[in-house]
Amino acid sequence: MYKNKFKMPDDLNRYSKKWAAKRVIPCLLIFFALLALIYLFGDVIVTTKAVGFRVLVYLLLISAPFIIFGVPHKLIDKTYFADVIKVWVETTYVQDRNRVKQSTGYYGGGASGSQTYNTVYMIIKRDDGKEKLVEAYKCRANKHQNLDKFKVGDKIFHLYGTKHFIKLPSDGEQTVQCPVCNTTNNIEHRKCRDCGHTLIK
């Protein structure tokens, strides 16, 4: 499998660890600050003597940082290679303040005078054998969208801490996307011309 042939570059490792630290450390600091606040001023925060209600309020307070920072949900993410086994587009037309979703087998399109949004979904098979539904691309429709970027059979790479799915270049292709910022680079470049991170080929 891909992971047996791949050694994660040090700069991408550092990026992923830094991304996780930016969420975990503030989350824990706020969590312990709220615990101290409840311990010292719990009776002031909740004046009622109903034990059940007090406990509910305290639980809501201390769970707030986990909801805000997405811990541990965002930390479940991981770095992986995968194969695209299915891809399709959901087109959303917004007209007269009514939203109508339509699944299509093609990219783009929309009624005249409407605002049209496209979302590309993929079912991928990761290098650990697990299949997963992912949202690969979403934005307002326009003539210059590259929505046919992913096809069945493509090999992709996802870096922990990013929202991107990078199509690995096949023989003859002249560009490659950065796994961190998604900038398009020349295939001959080793580092991203925008953020300076190592490119995966």
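None of these values were measured; they are calculated from a predicted model.

All right, on to the packing of aromatic side chains then. This structure, assessed with the given rule, holds 5 aromatic pairs. On the numbers, 5.3 Å between centres and 70 degrees between planes, the contact of Phe31 with Phe66 is edge-to-face. One end of the pair, Phe31, is in helix H1 (residues 10–45); the other, Phe66, is in helix H2 (residues 51–69), with 35 residues separating them in the sequence. For Phe66, a relative accessible area of 27% corresponds to the partly exposed category. With a centroid separation of 5.9 Å and 25 degrees between ring planes, the pair formed by Trp88 and Tyr121 is classed as stacked. You can see Trp88 sitting in strand E1 (residues 80–95) and its partner Tyr121 sitting in strand E3 (residues 115–126), a full 33 residues away along the chain. The exposure class of Tyr121 is buried, given its relative accessible area of 19%. A connected cluster of aromatic rings, assembled from ring pairs, spans Phe31, Phe32 and Phe66. Over the ring of Trp88 we find Lys86, and its NZ or CZ is 5.3 Å from the ring centre. Sitting above the plane of the Tyr80 ring, Arg126 keeps its charged end 5.2 Å from the centroid.

Tyr39 marks the point of greatest bend in H1, at about 60 degrees. Restricting attention to buried positions, one finds in H1 the residues Asp11, Leu12, Ser16, Trp19, Ala20, Cys27, Phe31, Leu34, Ile38 and Gly42. Summarising the contacts, the buried residues of H1 are in contact with H2.

Here is what the cut-offs are and how they apply
- Residues numbered from 1 in each chain as written.
- Predicted model: local features only at pLDDT ≥ 70, side-chain atom pairs only at ≥ 80, totals over all residues.
- Heavy atoms only, no water.
- Phe/Tyr/Trp six-rings, centres within 6.5 Å; stacked < 30°, edge-to-face > 60°.
- Helix = DSSP H or I, 4+ residues; strand = E, 2+ residues; numbered from the N terminus.
- Buried < 20%, exposed > 50% of the residue type's maximum accessible area, 1.4 Å probe, protein only.
- Lys NZ or Arg CZ within 6 Å of the ring centre and 35° of its normal.
- Bend = angle between axes of the 7 residues up to and from the residue.
- Contact = heavy atoms within 4.5 Å.

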